[in-house]
Amino acid sequence: MAILKALKLFAATPYTSSPLIIESDSRVALSWLNSIGKTTATTRVSGLKLVSFMNQGRSSLSFNLRPMLALLRISCAAKPETVDKVCAIVRKQLALPNDKPVTGDSKFAELGAASLDTVEIVMGLEEEFGITVEEDNAQSIATVQDAADLIEKVCSEKSA
Amino acid sequence: MNIRCFQRNFSAALPPLVPLQLPSPMETHLWYILPDEVKSVALLNQYSELLSPCERENVNRICGDQLKKRALLARALVRTTIARYQMNCEINPRSLKFRKNIYGKPEVEWQNEDNFSPLPLHFNISHTTSMIACGVTVNVPIGIDVEEKQRRIKNNITAFAQRYFSPYEVKLLTAISDPEVQCQEFIKLWTLKEAYVKALGKGFSAVPFKTFTIQFRAPAIRNLHPPGISVSEASEEIVESSNDPTNLTNNWQLALLEVAGSHYAAICMERDKTVGGEANMPMKLTVRKTIPFVEDVCISGTDAVLALGGIIEQ
């Protein structure tokens, strides 16, 4: 089963209709979503499937969703240890002070990384995890989470 | 006369930007700002006023004063730079809108207003810790990249080059014995390749670094191969013939500079095919250091700009 990427949930408040947008590349999640409501699925080249559907204003839908999606949220991101290792390598490469927060959501550009930094970070990650990343993937990662997910993907493909 | 031209919405405390002529075809205007030179909080606040609400939110989300400042200056630089090129009426830097092309490259979204014809301006920005630069051309796409000269590469340069550069480039780099020189040559090559990919505007996956070679060509006696910097398909180690339809050289013009003694700047612009003349006309270049609304200094032709590669006319 493909690893679920970070689940971003814009929770619908009861009695309002607002879009519920979920990003994941898990077929399980998608088929589940398809079964509970109207869905329109659009796929993006990068393999990230974006599913959005409108809550037609019924509050029950959002209430039912919340506990399920909270469960999914826990299991979906790359392992925390992976994210932590990535953060440490990023910190070192960009020489960030200890008080500067680096998390999964941190964007490399916002941390002050130029393209050369991003590639150096990826090379550092390859060394740390014993993997090789495709060149065009390396230059396109934008956040720490992207890097962690890519690492886990490559690691799982390697051991498959 | 269009009344809209005279509306000024921005802070009355800011002096107007000195209006400028558009670059001519085959000309690049390079503007740069040194973040360390901008210290006034009042000025930074005024720059903040120029940003769109969305941009301001993005800037405010960034943790760390230095990074925040750099992000702010980058947006302020782009907006003020483009706003300088006024044709018939004043452009308010705050009113400029931007969008990304389908590959994610930022571009100006000119508004459809009466009596206002969109300017055929192209721009590209690049930032490092100590410099933010914006290149502007007319009619043709541009890509720029700046890097600190003294930047240390953490990984082994040969390994790095073997991963990302073409065989020809790797050979060239590994032949350099002095590690310091090797590092600098690596950075120069990196900025040139980066500028080329950014000029193409299709993202890194469309043109991985390994698939093309950048070569410096010294002036040849017989003039068979004109001097300059060329781009060719990675598999070709010899300078390609101009009859080759996949030949990249004739389409793109590259230049490499050392700026302010501290940075390498690479510029890549598409040749304007509507301009007649020889295939290797020099790239006209004007380099200006700026603190928007405070001072603009033209440094072309001074020691602060050193042409390292490409055919450049300052």
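Within each chain, residues carry numbers counting from 1 in the order of the written sequence. Chains carry letters from A onward and ligands carry numbers from 1 onward, assigned in written order. Given that this is a predicted model, residues contribute local features only at a pLDDT of at least 70 and side-chain atom pairs are listed and counted only at 80 or more, while totals for whole chains, interfaces and linings are drawn from all residues. Remark: hydrogens and water are excluded; side-chain values derive from all non-hydrogen atoms of the structure.

As recorded by an unreviewed UniProt entry, chain B carries the name holo-[acyl-carrier-protein] synthase and is attributed to Theobroma cacao.

As annotated in an unreviewed UniProt entry, chain A is Acyl carrier protein from Theobroma cacao. Quoted verbatim from the Function (unreviewed entry) heading of the UniProt record, the comment on chain A is "Carrier of the growing fatty acid chain in fatty acid biosynthesis." UniProt positions are given in the numbering used here, feature names are shortened, and annotations may be inferred rather than shown by experiment. Looking at chain A in UniProt, the text filed under Sequence similarities (unreviewed entry) is "Belongs to the acyl carrier protein (ACP) family."

Here we look at the overall build of chain B
In this text, helices come from DSSP runs of H or I with a minimum length of four residues, and strands from runs of E with a minimum of two, each type numbered from the N-terminal end. Across its full length, chain B holds six helices and 14 strands. Of all intrachain contacts in chain B linking residues separated by at least 6 positions in sequence, the fraction that spans at least 24 positions is 63%. Of the roughly 14600 Å² of accessible surface on chain B, 53% is carried by carbon and sulfur atoms. Whether two residues touch is decided by their heavy atoms; if any such pair falls within 4.5 Å, the residues are in contact. Residue-level accessible areas treat just the shown protein chains as cover; the underlying method is Shrake-Rupley with a 1.4 Å probe.

A look at the packing of helix H4 (residues 157-164) of chain B against helix H6 (residues 179-200) of chain B
Residue and element names in this part refer to chain B. For the pair H4 and H6, the least separation of the axes is 11 Å and the interaxial angle reads 25 degrees. Comparing their axes, H6 and H4 come out roughly parallel. Both H4 and H6 take part in a crossing whose hand is left-handed. Side by side, H4 and H6 meet where Ile157, Thr158, Phe160, Ala161 and Tyr164 of the first sit next to Gln182, Cys183, Phe186, Trp190 and Lys193 of the second. Just so you know the grouping, Ala, Val, Leu, Ile, Met, Phe, Trp, Tyr, Cys and Pro go in nonpolar, Asp, Glu, Lys and Arg go in charged, and all remaining residues, Gly too, go in polar. For the contact of H4 with H6, the per-class residue count stands at seven nonpolar, two polar and one charged. Lines fitted to the C-alpha atoms define the axes, with helices restricted to the stretch that makes contact. Angles between their N-to-C directions range from 0 to 180 degrees. Should an angle fall under 35 degrees it is taken as roughly parallel, and over 145 as roughly antiparallel, whereas 65 to 115 is taken as roughly perpendicular and any remaining angle as oblique. A clockwise turn of the near helix away from the far one marks a right-handed crossing, whereas an anticlockwise turn of less than a right angle marks a left-handed crossing.

With respect to the pairing of strand S12 (residues 295-298) of chain B
Residues and elements named next belong to chain B. Pairing between strands requires that DSSP locate at least two bridges from one strand to the other. One ladder, built from four bridges, connects strand S11 (residues 283-291) with S12; its direction is antiparallel. Across the sheet, the residue bridging to Arg288 is Cys298, located in S12. The antiparallel pairing of S11 with S12 creates a hairpin that spans three residues between the two strands, and Phe293 there sits at a positive phi of about 75 degrees.

Considering the side chain of Lys289 of chain B
Residue and element names in this part refer to chain B. Summarising the element assignment, Lys289 is placed in strand S11. For every residue, the accessible area (1.4 Å probe, protein chains only) is compared with the maximum for its type, and the residue is labelled buried under 20%, exposed over 50%, or partly exposed between those bounds. Residue Lys289 is classed as buried on the basis of its relative accessible area, which comes to 14%. Residues within four places of Lys289 in sequence aside, it is in contact with Tyr32, Leu34, Glu37, Glu295, Asp296 and Val297.

Describing the nonpolar core
Side-chain atoms within 4.5 Å are what join buried Ala, Val, Leu, Ile, Met, Phe, Trp, Tyr and Cys residues into a set we call a nonpolar core. Phe160, Phe165, Phe186 and Trp190 of chain B are the most contacted members of the largest nonpolar core, which totals 59 residues. It is H6 of chain B that provides the largest number of residues to this core, a total of 10 residues. What Phe186 of chain B contacts, discounting residues up to four positions off in sequence, is Leu116 of chain A together with Ile153, Ile157, Phe160, Ala161, Phe165 and Leu173 of chain B. Val38, Leu51, Trp110 and Phe293 of chain B belong to the second-largest nonpolar core, a separate cluster that totals 39 residues.

Concerning the sheet that holds strand S10 (residues 263-270) of chain B
Residues and elements named next belong to chain B. On the basis of which strands lie adjacent, the open sheet formed by four strands has the order S6-S10-S9-S13 and antiparallel pairing. This sheet does not close on itself; its edge strands, each paired only once, are strand S6 (142-148) and strand S13 (305-309). Each adjacent strand pair in this sheet contributes to an overall mean axis angle of 25 degrees, direction not counted. In the sheet, S6 pairs with S10 via seven bridges, with the strands oriented antiparallel. Its bridge partner being in S10, Ile142 is matched across the sheet by Met269.

Some remarks on the layout of surface pockets
By volume, the second largest pocket amounts to about 540 Å³. Taken together, 24 residues make up the lining of the second largest pocket; nearest its centre are Leu94, Leu111 and Gly112 of chain A together with Arg70 and Thr129 of chain B. Broken down by secondary-structure element, the contributors of at least two residues to the lining of the second largest pocket are helix H3 (80-94) of chain A together with helix H3 (65-84) and S6 of chain B. The element that contributes the greatest number of residues to the lining of the second largest pocket is H3 of chain B, accounting for four residues. Residues of the lining of the second largest pocket, tallied by class, amount to seven nonpolar, seven polar and 10 charged. A pocket, in this scheme, is an open set of points on a 1 Å grid over the protein atoms alone with protein on both sides within 12 Å along at least 5 of 7 lines, while a cavity is a set where a 1.4 Å probe fits but cannot get out; residues line either one if an atom lies within 4 Å of a point. Grid points are joined across faces, edges and corners, and a volume is the space filled by probe spheres set on the points.

With respect to the pattern of salt bridges
Here, a salt bridge means any side-chain nitrogen of Lys or Arg that lies within 4 Å of a carboxyl oxygen of Asp or Glu. The tally for this structure, following the rule as stated, stands at 15 salt bridges over all chains. Put simply, Lys289 of chain B and Glu37 of chain B hold a salt bridge, and the shortest N to O gap is 2.7 Å. Taken together, the residues span a long stretch of sequence, with Lys289 of chain B in strand S11 and Glu37 of chain B in the loop between strand S1 (27-33) and helix H1 (41-50) at a distance of 252 residues. Connected via shared salt-bridge partners are Asp117 and Glu120 of chain A together with Glu147 and Arg151 of chain B.

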